[in-house]
Amino acid sequence: MEIFLQLVFSGVALGMIYAVIAFGYQLTFATSGTLNFGQGESLMLGALVGLSLVGTIHGGPYMSYLLMVPIVIAFGALQGVFVEWIGVRPAIKIKSEFGWIMSTIALAIIFKNVAENIWGKDDLTFPSPLSAAPFKVLGANVQPMQVAVIVGALAIMLAVELFNRKSIYGKAVVATANDRDAAGLMGINTGMVITFSYALSSATAAFAGVLVAPLTLTGATMGASLGLKAFAVAIIGGLTSGMGAIVGGLILGIAETTTGYYISTGYKEVPGLLLLLLVLAVKPSGLFGKAAIKKV
């Protein structure tokens, strides 16, 4: 039972990272109907930029980590703006249904190559700001950084939700998500809202990067797998539901850790993909998603 609980705790921490990235997919899809298929690379760049900053900021591992986080979030936001301007906005202007897909994929490849040339192709170790000594929870060993990942992921998603519900700018985002044409007629600059949603999406992914980096190795290839799995989480939970991202992330994270231990690490990704296929077959809008009804 202790081993099972330990696997569950590890799966929850991993699942919350998936949920944060999936949450970013939802932000852009809600406002523009598009997705940034370079979300994983936003996470990767956030982790690598954070690693470089931690090495230059003095004040101990904990303080340098805290000072580094807002800089990484700002960097992620700027990267998101760049992706929207270069890869998404031209496709939206010419009403190309699939142009943004290839553009964001191309930018993801470029970001990966740039990262390899700056930081190299080898995986690097990200120093943990917290003690590596685990503590006991119901007999299972839990690392302090795993708790920090869960708390940090929930905090960033809650902050975005509160921003959207309570601030005037957030309400503009919600209005654009509900009906972009009507929001434009009411005077909302929907183009700026879409740009902002991409900035927020990449900022959350970059933040997820510095959360997960101390628990794993950091490198130019770390984002591809995480971004793809997070996309699966977004589909499983529903691209219109924040709660769906959390539930989908937890399901996939726990399924991976338990399958890897009890069956084989070679099969740890199979249950999540099987669930994805099942959800697409039974409820294509996702477990918590709502099917759109169009009047023609």
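Residues numbered from 1 in each chain as written. Predicted model: local features only at pLDDT ≥ 70, side-chain atom pairs only at ≥ 80, totals over all residues. Heavy atoms only, no water.

Here Ser10 lies in helix 1 (residues 2-32). Remark: the alpha-carbon pair of Ser10 and Gln146, spanning 136 residues in sequence, is separated by 7.1 Å. (Helix = DSSP H or I, 4+ residues; strand = E, 2+ residues; numbered from the N terminus.)

This part takes up helix 3 (residues 60-93). In this model, helix 3 (34 residues) spans 48 Å end to end at C-alpha, consistent with the 50 Å of a helix rising 1.5 Å per residue. Of all the bends in helix 3, the greatest measures close to 40° and is centred on Glu84. Just beyond helix 3, the residue with positive phi is Lys95, at close to 55°. (Expected span 1.5 Å × (residues − 1). Bend = angle between axes of the 7 residues up to and from the residue.)

This part covers the pattern of salt bridges. All told, the structure shown has five salt bridges when counted by the stated rule. Of the charged contacts in the structure, one is a salt bridge between Lys229 and Glu256, with a shortest N-O distance of 3.3 Å. In this pair, Lys229 sits in helix 9 (residues 222-237) while Glu256 sits in helix 10 (residues 242-262), placing the two residues 27 residues apart along the sequence. Grouping residues by exposure puts Lys229 and Glu256 together as buried. In this structure, the salt-bridge partner of Lys229 is Glu269, at a minimum N-O distance of 3.1 Å. Taken together, the positions of Lys229 in helix 9 and Glu269 in the loop between helix 10 and helix 11 (270-282) put the pair 40 residues apart, joining distant regions of the chain. Owing to a relative accessible area of 14%, Lys229 belongs among the buried residues under this scheme. Salt bridges sharing partners connect three or more residues here, namely Lys229, Glu256 and Glu269. (Salt bridge = Lys/Arg side-chain N within 4 Å of Asp/Glu carboxyl O. Buried < 20%, exposed > 50% of the residue type's maximum accessible area, 1.4 Å probe, protein only.)

Moving on, we come to the packing of aromatic side chains. Counted according to the given criterion, the structure contains seven aromatic pairs. On the numbers, 5.5 Å between centres and 35° between planes, the contact of Phe163 with Phe196 is tilted. Placement of Phe163 in helix 5 (residues 144-166) and of Phe196 in helix 8 (residues 190-212) is noted, with a sequence separation of 33 residues between them. Assessed through its relative accessible area of 27%, Phe163 is described here as partly exposed. Residue Phe196 is classed as partly exposed on the basis of its relative accessible area, which comes to 33%. (Phe/Tyr/Trp six-rings, centres within 6.5 Å; stacked < 30°, edge-to-face > 60°.)

On to a nonpolar patch on the surface. On the surface, a cluster of nonpolar side chains totalling about 1100 Å² of accessible area is made up of Met1, Ile3, Phe4, Tyr261, Tyr262, Ile263, Tyr267, Val270, Leu274 and Leu277. Those elements that place two or more of their residues in the nonpolar patch are helix 1, helix 10 and helix 11. With three residues, the single largest contributor to the nonpolar patch is helix 11. For Val270, the location among the structural elements is in helix 11. Using a relative accessible area of 35% as the deciding quantity, one classes Val270 as partly exposed. (Patch = residues over 30% accessible without salt bridge, like charges linked within 9 Å, V, L, I, M, F, W, Y side chains within 5 Å. Areas by Shrake-Rupley, 256 points an atom, 1.4 Å probe, with all protein chains shown as cover.)

All right, on to the UniProt feature "transmembrane region" (unreviewed entry) in the protein chain then. Per the UniProt record, "transmembrane region" (unreviewed entry) is annotated on residues 6-30, 65-86, 98-115, 145-163, 183-200, 206-224, 231-254 and 274-293. Spanning residues 6-30, this segment combines 100% helix with 0% strand, and its end C-alpha atoms are found 36 Å apart. As annotated, residues 183-200 has a helix share of 78% and a strand share of 0%, and its two end C-alpha atoms lie 20 Å apart. (UniProt positions renumbered as here; feature names shortened; annotations may be inferred.)

A separate point is the environment of Phe288. Mapped onto the secondary structure, Phe288 falls in the segment after helix 11. Taking C-alpha positions, Phe288 is 37 Å from Thr125, a pair spaced 163 residues apart along the chain. What Phe288 contacts, discounting residues up to four positions off in sequence, is Gly237, Ser241, Met243, Gly244 and Val247. (Contact = heavy atoms within 4.5 Å.)

Formed by 67 residues in total, the largest nonpolar core has its most connected members in Ile17, Ile21, Leu43, Tyr65, Met68 and Met157. Looking at which element gives the most residues to this core, the answer is helix 1, with 13 residues. When neighbours within four sequence positions are excluded, Met157 is seen to be in contact with Met16, Ala19, Val20, Phe23 and Ile246. (Core = buried A, V, L, I, M, F, W, Y, C linked by side-chain atoms within 4.5 Å.)

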